[in-house]
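Spelled out from the first residue to the last, the chains are:
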Amino acid sequence: AIWAPAGEVACPLDRRQLCTRGMPDEAARLARVLQEKGHLTSVDIPGYQQTAPAKRLVAFTGNSDGSPAASWCPDCNRAMPVILESAASLDLPLLVVGVGERDDWKLDARGSENPLRAKDGLALTGVPTLLLIGDGGAELARLGPELEDEQDVAAMRATIDAKVRAALP
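The model shown is predicted, which means the values in this text are computed figures rather than measured ones.

Enquirer: Looking at this model, I keep getting lost on the sheet that holds strand β2 (residues 56-61). Mind explaining?
Expert: Strand pairing in a sheet takes place through backbone hydrogen bonds and is either antiparallel or parallel in direction. Spatially, β1-β3-β2-β4-β5 is the arrangement adopted by the 5 strands of the open sheet, whose pairing is mixed. Where the open sheet ends on each side, the last strands, each with one partner, are β1 (40-43) and β5 (139-143). Each neighbouring strand pair of the sheet contributes to a mean axis angle of 20°, computed without reference to strand direction. By the bridge criterion, 5 bridges tie β2 to strand β3 (residues 94-98) in an arrangement that is parallel. Looking at the pairing, Leu57 lines up with Leu94 of β3.

This is the structure in structure tokens:
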């Protein structure tokens with residue numbers, strides 16, 4: 001289900017409808033463009049585990065449903081519009097994966113049990129994390145701390161684009 005903070009109107013439960021509530025105007029526009037092209041998908045952890053390998057960007061964000069619009073994570077809220085911009089300019093599909101609610105992710109709660117943190121899996125250490133996945137499903141590039149730590153969105157965009165372009169054949 002798509003969630004809303006207490007007292008706010010929730011987005012439609014129909015995942016085919018894009019929820020852009022709370023997104024900056026340009027990010028909402030880019031999300032709609034990506035969705036119209038069939039290049040934007042939002043999933044939760046089980047949905048990600050069932051996703052077929054394909055060339056794409058995969059963004060992990062702090063919510064339970066993979067919505068690009070709302071996150072409990074301030075770094076994710078800052079990075080997601082930049083990730084949408086990069087996906088659109090690079091003409092790459094974007095899969096947004098929700099890692100769970102805060103307590104499902106943070107190590108001071110029950111986050112150590114999150115399957116995305118597993119050492120024999122993706123071994124994610126933070127959100128946002130952005131992966132570039134190749135045609136065969138192999139991870140070609142990973143950005144994590146670079147997104148968490150960067151406050152300048154122009155520098156973040158340059159970092160994403162450079163890393164992705166360098167990894168593409």
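Enquirer: In this structure, what is going on with the environment of Arg165? I would like to understand it.
Expert: Take Arg165: it is sitting in helix α6 (residues 153-167). You can call Arg165 exposed: its relative accessible area is 52%. Linking Arg165 and Leu90, residues 75 residues apart in sequence, is a C-alpha distance of 8.4 Å.

Enquirer: Mind showing me how you'd approach unusual backbone geometry here?
Expert: Both trends apply: most residues other than glycine have a negative phi, and most peptide bonds are in trans. In this chain, Val127 is followed by Pro128 through a cis amide linkage whose omega measures 0°. As for its position among the elements, Pro128 is in the loop between α4 (102-105) and β4 (129-133). Of note in this structure, Asp91 is not a glycine but carries a positive phi near 55°. Note that Asp91 resides in the loop between α3 (74-90) and β3. Of note, the phi angle at Ala123 is positive, near 55°, even though the residue is not glycine.

Enquirer: When you look at helix α1 (residues 25-36) in this model, what are you seeing that I'm missing?
Expert: Two residues of an α-helix separated by three or four positions point the same way, owing to the 3.6 residues in each turn. Over its 12 residues, α1 runs 17 Å from end to end, which matches the ideal 16 Å to within 8%, given 1.5 Å per residue. Every buried residue of α1 is accounted for by Ala27, Ala28, Leu30, Ala31 and Leu34. Buried positions in α1, seen along its axis, are confined to an arc of 165° and lie on one side of it. Exposed side of α1, more than 90 degrees from the buried face: Asp25 and Glu36 are the residues found there. Packing partners of the buried residues in α1 comprise β1 and α3. One or two steps after α1, the chain reaches Gly38, where phi turns positive at roughly 75°.

Definitions and limits used
Residues numbered from 1 in each chain as written. Predicted model: local features only at pLDDT ≥ 70, side-chain atom pairs only at ≥ 80, totals over all residues. Heavy atoms only, no water. Pairing = 2+ DSSP bridges. Helix = DSSP H or I, 4+ residues; strand = E, 2+ residues; numbered from the N terminus. Axes fitted to C-alpha atoms, helices over the stretch in contact; angles between N-to-C directions. Buried < 20%, exposed > 50% of the residue type's maximum accessible area, 1.4 Å probe, protein only. Expected span 1.5 Å × (residues − 1). Arc of directions from axis to C-beta. Contact = heavy atoms within 4.5 Å.

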